[in-house]
Amino acid sequence: MEPIIDHSVVASTTNVKDITSDRTNREILHRLKNNDPSFPSIIVRNPGDRGDDFRNDVYYPSSACDLLWLGYFIGKAKHLEQIELEDYAQEGQGTNFSRQSIASLSRGLNSNKSIRTIMFWNLNLSEGEFFPLLSPFLKNNQSLIEMKIYDCILSRECAHRLALILESRTSNSLMDFALENCGEIDDESFA
């Protein structure tokens with residue numbers, strides 16, 4: 001079990017080199033930490049999915065602690081407008097980030113006020129706990145205008161929980177919602 005760290009206390013003195021050994025991940029954390037206005041989007045992808053993709057906006061977390069830091073810096077970011085959560089390790093099978101990983105990331109993500117678009121690609125969302133962990137972000141982010149869910153495994157329970165969360169949004173900012181290729185669940189189920 002990871003020790004509980006108050007990231008707000010240690011962030012100013014923590015060097016991103018001490019958080020991750022991956023060069024691209026360090027650059028991304030550095031840009032988020034410095035609130036770089038030229039860094040408007042990030043893709044968080046399953047680490048088993050690296051392949052030959054070495055884009056400078058793709059973050060491959062290596063642990064839940066790694067995602068805690070990423071979430072912390074995302075939560076503080078004022079210029080980040082888009083986040084994508086992807087898992088293509090087993091194309092079409094909807095593998096999943098662990099519950100602990102999503103819980104770690106959501107701690108910071110739930111504080112973000114600048115993200116306008118959130119996308120989910122090829123994730124297994126069937127357990128039903130995924131969206132409740134992101135509930136504060138989905139309910140309270142008044143900048144959120146677009147949400148897309150593609151090629152995911154989505155249970156009826158999870159879809160129901162998501163519908164309840166979206167129904168309780170404190171803002172009417174969400175203009176575009178898409179749910180495609182998620183089995184028998186589609187965006188018309190939310191109408």
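Residues numbered from 1 in each chain as written. Predicted model: local features only at pLDDT ≥ 70, side-chain atom pairs only at ≥ 80, totals over all residues. Heavy atoms only, no water.

Q: Looking at this model, I keep getting lost on helix H7 (residues 156–167). Mind explaining?
A: An α-helical turn contains 3.6 residues, so a residue and the one three or four places further along point in the same direction. Helix length check: H7, at 12 residues, gives a terminal C-alpha distance of 16 Å against a target of 16 Å (1.5 Å per residue), a fit within 8%. For H7, the set of buried residues is Cys 158, Ala 159, Leu 162, Ile 165 and Leu 166. Looking straight down H7, one finds its buried side chains confined to an arc of 125°; they lie on one side. Of the exposed residues in H7, the ones pointing more than 90 degrees away from its buried face are Arg 156 and Glu 167. Buried residues along H7 sit in contact with helix H5 (130–133), helix H6 (135–140), strand E5 (146–150) and strand E6 (176–180). (Helix = DSSP H or I, 4+ residues; strand = E, 2+ residues; numbered from the N terminus. Expected span 1.5 Å × (residues − 1). Buried < 20%, exposed > 50% of the residue type's maximum accessible area, 1.4 Å probe, protein only. Arc of directions from axis to C-beta. Contact = heavy atoms within 4.5 Å.)

Q: Would you explain the packing of aromatic side chains in this entry?
A: Each pair of aromatic rings is reported with the distance of its centres and the angle of its planes. Overall, the coordinates contain 5 aromatic pairs when judged by the stated rule. A ring pair is formed by Trp 69 and Tyr 72, whose centres lie 6.1 Å apart and whose planes are at 85°; its orientation type is edge-to-face. Of this pair, Trp 69 and Tyr 72 both sit in helix H3 (residues 64–76), 3 residues apart, which is roughly one turn of that helix. In terms of burial, Trp 69 and Tyr 72 fall into one category: buried. Consider the rings of Tyr 72 and Phe 73, whose centres lie 5.3 Å apart with planes at 70°: the pair is edge-to-face. (Phe/Tyr/Trp six-rings, centres within 6.5 Å; stacked < 30°, edge-to-face > 60°.)

Q: Where do I start with the sheet that holds strand E2 (residues 58–59) in this structure?
A: The pairing of strands in a sheet comes from backbone hydrogen bonds and takes either a parallel or an antiparallel form. The strand order across the open sheet built from 6 strands is E2-E1-E3-E4-E5-E6, with neighbouring strands paired in parallel fashion. The sheet terminates laterally at E2 and E6, the two strands that pair on one side only. Pairing of strand E1 (residues 41–45) with E2 involves 2 bridges; the strand directions are parallel. Bridged to Ile 43 within E2 is Val 58. Packing against the sheet, H3 makes contact with E1, E2 and strand E3 (82–86), and its axis sits at approximately 165° to E1. (Pairing = 2+ DSSP bridges. Axes fitted to C-alpha atoms, helices over the stretch in contact; angles between N-to-C directions.)

Q: Would you mind going over the side chain of Ser 104 with me for this structure?
A: Structurally, Ser 104 is set in helix H4 (residues 99–109). Looking at Ser 104, the relative accessible area reads 4%, which means it is buried. Setting aside its immediate chain neighbours within four residues, Ser 104 contacts Ala 64, Leu 67 and Leu 68.

Q: Looking at this model, I keep getting lost on the pairing of E3. Mind explaining?
A: Residues in a regular strand point their side chains to alternate faces of the sheet. Most of E3 is tucked away: 4 of the 5 residues are buried. Pairing of E1 with E3, which is carried by 5 bridges, proceeds in the parallel orientation. Looking at E3, one finds that Ile 43 is bridged to Glu 84. In terms of strand pairing, E3 meets strand E4 (residues 117–121) through 5 bridges, oriented parallel. Within E4, the residue paired with Gln 82 across the bridge is Thr 117.

Q: What exactly am I supposed to notice about the confidence of the model for the protein here?
A: Detail in the predicted coordinates should be disregarded across regions flagged by low pLDDT. Looking at the protein, the pLDDT average stands at 82 and 77% of residues meet or exceed 70. Confidence drops under a pLDDT of 50 for residues 91–95, and excluding neighbours within four residues, the segment shows 15 contacts in the predicted structure. (pLDDT = per-residue confidence, 0-100.)

Q: Help me understand the pattern of salt bridges, please; the structure alone is not making it clear to me.
A: Side chains that differ in charge, positive against negative, can pair when their charged atoms come close. In this structure the tally under the stated criterion is 6 salt bridges. Here Lys 148 ties to Glu 146 by a salt bridge, and the two come within 3.3 Å at their closest N and O atoms. Taking relative accessible area as the criterion, Lys 148 reaches 12% and is therefore assigned buried. For Glu 146, a relative accessible area of 22% gives the class partly exposed. The partner of Asp 176 in a salt bridge is Lys 148, with the nearest N and O atoms 2.9 Å apart. Highlighted residues: Asp 176 in strand E6 and Lys 148 in strand E5, separated in sequence by 28 residues. Relative accessible area serves as the criterion here: at 29%, Asp 176 is assigned to the partly exposed category. Because the salt bridges share partners, they merge into one network encompassing Glu 146, Lys 148 and Asp 176. (Salt bridge = Lys/Arg side-chain N within 4 Å of Asp/Glu carboxyl O.)

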